[in-house]
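# Coordinates in review
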Amino acid sequence: MKTAYVMDKQTKQTTTYLKLYKSDLHIHTCLSPCADLYMTPRKIINQCAEKGLDIIAVCDHNSCENAKYVIEAAKKYNIMVIPGMEITTIEEVHLLGLFSNYRQSLKMQNKVYSELEGENNEDLFGVQAVVNEHDEVMNLNNKLLIGASKLTLQQAVECIHKYGGLAICSHVDREGFGIIGQLGFIPDDLSIDAIEISCHTTNIKPLLERNPELGKFPMFFSSDAHTLDCIGAAFTVLLLNNPSFREIKLAIHERAQRQIRSHGVC
Ligand SMILES: [Zn+2]
Ligand SMILES: [Zn+2]
């Protein structure tokens, strides 16, 4: 977190009530079958502290069960943890839902679980471990979290908004499970709040030239980390008054001088 000096438009005074916060809003845990088993709540938070991250979002495939334990693990640190999930829609598009608190994310999870069929095959897809803030295994989730839900993109976005969340199209720069790769475009009537660029894109210009419509959306760079070393590989710096969900919403809409200030890939 760094102090930023901002000019107040009305008074022309420089104020310091806004600060810069480094965020990575797409991190998987060991609950995602494709993520490393070392992605436990404690290890994730330790790594985030080392990388100087102030705000993170936990986004496992079609589930938020580990988010509450990452929130617990972060309590001794100055790190804000947003509970979220990466929903796979019926079009096989990945969509992030980020929520103001765990209770709201659970409502979304219930909806997604009701639209998700099949059982996990650990040999084929990997283990789905629910792990608490002490890195103890609580249970193994047996749902087919890697599968596609029966929710359409439209329904998933509507549902995220119904529960007060933010809907962000995951890794739009990637072919697999990105909205451009799957559909070829972003439908005009899809009311997403932002798009996400992955750590694989260092230069955004060619992507925007190919897909100019992407330029109209607020843009986050996030790591989509499945291993500890990838955490913070892509990040977004936000100008906020304090690290809260409300402030992030203000930054997305560029209100009250809050803003998405810069991006980085390392
Ligand atoms: Zn994804
Ligand atoms: Zn992901």
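The preceding data block contains the structure.
Figured I'd write up the structure that's included with this text.

The bulk of non-glycine residues show a negative phi, and the bulk of peptide bonds are trans. With a phi angle near 60 degrees, E92 is a residue other than glycine that sits in the positive phi range. Tracing the backbone through its elements, the reader meets E92 in the loop between β6 (80-88) and β7 (94-98). Even without a glycine there, the phi angle at D135 is positive, about 65 degrees. Within the element layout of this structure, D135 appears in the loop between β8 (129-131) and β9 (137-140). For D135, a count of 14 C-beta atoms within 10 Å gives the class partly exposed.

Below, the discussion takes up the nonpolar core. The tendency in soluble globular proteins is for nonpolar side chains to be buried side by side. Counting 72 residues, the largest nonpolar core has I56, V70, V81 and I168 as the members making the most contacts within it. If you tally residues by element for this core, the top one is strand β13 (residues 234-240), at 6 residues. When near neighbours in sequence (up to four residues on either side) are disregarded, I168 contacts L96, L98, I192, D193, A194, I195, E196 and F220.

Looking at the element boundaries, K75 is found in the loop between α2 (67-73) and β6. As for K75 and H161, which are separated by 86 residues in sequence, their C-alpha atoms are 27 Å apart.

Let us look at the pairing of β9. In the sheet, β8 pairs with β9 via 3 bridges, with the strands oriented antiparallel. By the bridge assignment for β9, A129 is matched with L140. Taking the residues that link successive antiparallel strands as the turn, the β8-β9 hairpin has 5 residues, and the phi of D135 there is positive, at about 65 degrees.

The buried count for strand β5 (residues 55-61) comes to 7 of 7 residues, which makes it a mostly enclosed element. Across 3 bridges, strand β4 (residues 19-27) lies against β5 in parallel orientation. If you follow S23 over to β5, its bridge partner there is I55. In terms of strand pairing, β5 meets β6 through 7 bridges, oriented parallel. Residue pairing for β6: H61 is matched across the bridge by E86. Between the parallel pair β5 and β6, the chain is carried across by α2, and the sense of this crossover is right-handed.

Rules behind the numbers
- Residues numbered from 1 in each chain as written.
- Chains lettered and ligands numbered in written order.
- Predicted model: local features only at pLDDT ≥ 70, side-chain atom pairs only at ≥ 80, totals over all residues.
- Helix = DSSP H or I, 4+ residues; strand = E, 2+ residues; numbered from the N terminus.
- Buried ≥ 20, exposed ≤ 12 C-beta atoms within 10 Å, placed from the backbone.
- Core = buried A, V, L, I, M, F, W, Y, C linked by C-beta atoms within 7 Å.
- Contact = placed C-beta atoms within 7 Å.
- Pairing = 2+ DSSP bridges.
- Right-handed = clockwise from strand over helix to strand, strands pointing away.

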